[in-house]
Amino acid sequence: MDENNILGVVLAGGKSSRFGQDKSDVKLDGRSLLEHTLNKIKPKLKKILIVSNNQTLKDYTVIKDCIDGHLGPLVGVLSAMKWIKKNNYSFNWIATFPCDTPFFDTSIVDEYKSKINLNESLLYFVKSNEKRHNIFGLWSIKLIDTLEKDLVDNNYRKVEKWADKIGVKI
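Small disclaimer: the values here were computed from a predicted structure and weren't measured.

*Asks:* When you look at the overall build of the chain in this model, what are you seeing that I'm missing?
*Replies:* A tally of regular secondary structure across the chain gives 5 helices and 8 strands. Overall, the chain shows an N-to-C arrangement of helices and strands of β-β-β-α-β-β-α-β-α-β-β-α-α. Entry remark: accessible area of the chain is about 9200 Å², with carbon and sulfur atoms responsible for 45%.

Here it is, written out as structure tokens:
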């Protein structure tokens, strides 16, 4: 399996309305939550993309949501997939990480890499303590057309409902 096959994607495009400020900018031990997440995945993935409507970060590619309106993380996932297609990159998978959860175990990236070869699903999520974490995911680029149609035509917004609809492995 070629490790270049996976694009790391940090989803940082939310409004943080319940939090009261942009979560990705919140400092923890002198660094932003976004920086903590990036520092954890940088050694594991060759290329990282940030999807954010209000961030700029030196040394990283940052893109905005491809659909306006803060419509949730599914739009961030679609934005990353469209960016891959537009730029003719050869990534077949994206690994998504929330910008505001810096205490995850980086071994999930190794687990993602092992799942690609199994060819059991086009979508994988992480589960810990009996809870499924829908933003920590491995998404096949083959989902792009279905995802766009469901976002635009069928108004899907909840990652959990969409993943259950198309089928997800844990």
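Don't stop here, the text continues.
*Asks:* What's the story with the side chain of Asn5 in this structure? I'm lost.
*Replies:* Relative to the helices and strands, Asn5 is located in the segment before β1 (6–11). With sequence-adjacent residues up to four places away left out, Asn5 is seen in contact with Ser90, Phe91, Asn92, Trp93 and Ile116.

*Asks:* Mind showing me how you'd approach the packing of aromatic side chains here?
*Replies:* The relation between two aromatic rings is expressed through the spacing of the ring centres and the mutual angle of the planes. Tallied over the full model, the rule gives 8 aromatic pairs. Note on Tyr89 and Phe91: the rings are 5.7 Å apart at their centroids and 40 degrees apart in plane angle, and the pair reads as tilted. For Tyr89, a relative accessible area of 39% corresponds to the partly exposed category. Seen in terms of ring centroids, Phe104 and Phe136 are 5.2 Å apart; in terms of plane orientation they differ by 55 degrees. Their pairing is tilted. With a gap of 32 residues between them, Phe104 in the loop between β6 (93–98) and α3 (107–118) and Phe136 in strand β8 (residues 131–140) connect regions that are remote in the sequence.

*Asks:* I keep staring at the nonpolar core and nothing clicks. Help me out?
*Replies:* Within soluble globular proteins, side chains that are nonpolar generally end up buried alongside one another. In terms of nonpolar packing, the biggest core is built from 28 residues, with Met81, Ile94 and Trp139 touching the most fellow members. Element by element, the count of residues in this core is highest for helix α2 (residues 73–86), at 8 residues. When neighbours within four sequence positions are excluded, Ile94 is seen to be in contact with Ile6, Leu7, Val9, Val77, Ala80, Met81, Ile84, Gly137, Leu138, Trp139 and Ile141. Listed in part, the 23 residues of the second largest apolar core include Ile41, Tyr60, Trp93 and Cys99.

*Asks:* When you look at the environment of Lys142 in this model, what are you seeing that I'm missing?
*Replies:* Here Lys142 shows up in the loop between β8 and α4 (144–152). When the C-alpha atoms of Lys142 and Met81 are compared, they prove to be 9.2 Å apart, with 61 residues separating the residues in sequence.

*Asks:* Would you mind showing me how to read the packing of α2 against α4 here?
*Replies:* Helix-helix packing: each pair is described by the crossing angle between the helix axes and the interaxial distance. Relative orientation of the contacting elements α2 and α4 amounts to 135 degrees, with a least axis distance of 10 Å. As judged from the angle between their axes, α2 and α4 are oblique. When the axes of α2 and α4 are compared, the crossing they make is left-handed. Between α2 and α4, the contacting residues are Leu74, Val75, Val77, Leu78, Met81, Lys82 and Lys85 on the first element and Ile144, Leu147, Glu148 and Leu151 on the second. Looking at the contact of α2 with α4 residue by residue, the class counts come to 8 nonpolar, no polar and 3 charged.

*Asks:* Could you clarify how one ought to interpret unusual backbone geometry in this entry?
*Replies:* Trans peptide bonds make up the majority, and among non-glycine residues the majority have a negative phi. A positive phi angle is found at Asn129, which is not glycine, with a value near 50 degrees. Mapping Asn129 onto the fold places it in the loop between β7 (123–128) and β8. One non-glycine residue, Asn155, lies in positive phi territory at about 60 degrees. With respect to the secondary-structure elements, Asn155 resides in the loop between α4 and α5 (159–166).

Reading guide: rules and limits
Residues numbered from 1 in each chain as written. Predicted model: local features only at pLDDT ≥ 70, side-chain atom pairs only at ≥ 80, totals over all residues. Heavy atoms only, no water. Helix = DSSP H or I, 4+ residues; strand = E, 2+ residues; numbered from the N terminus. Areas by Shrake-Rupley, 256 points an atom, 1.4 Å probe, with all protein chains shown as cover. Contact = heavy atoms within 4.5 Å. Phe/Tyr/Trp six-rings, centres within 6.5 Å; stacked < 30°, edge-to-face > 60°. Buried < 20%, exposed > 50% of the residue type's maximum accessible area, 1.4 Å probe, protein only. Core = buried A, V, L, I, M, F, W, Y, C linked by side-chain atoms within 4.5 Å. Axes fitted to C-alpha atoms, helices over the stretch in contact; angles between N-to-C directions. Parallel < 35°, antiparallel > 145°, perpendicular 65-115°, else oblique. Left-handed = near helix turned anticlockwise from the far one by under 90°. Nonpolar A, V, L, I, M, F, W, Y, C, P; charged D, E, K, R; others polar.

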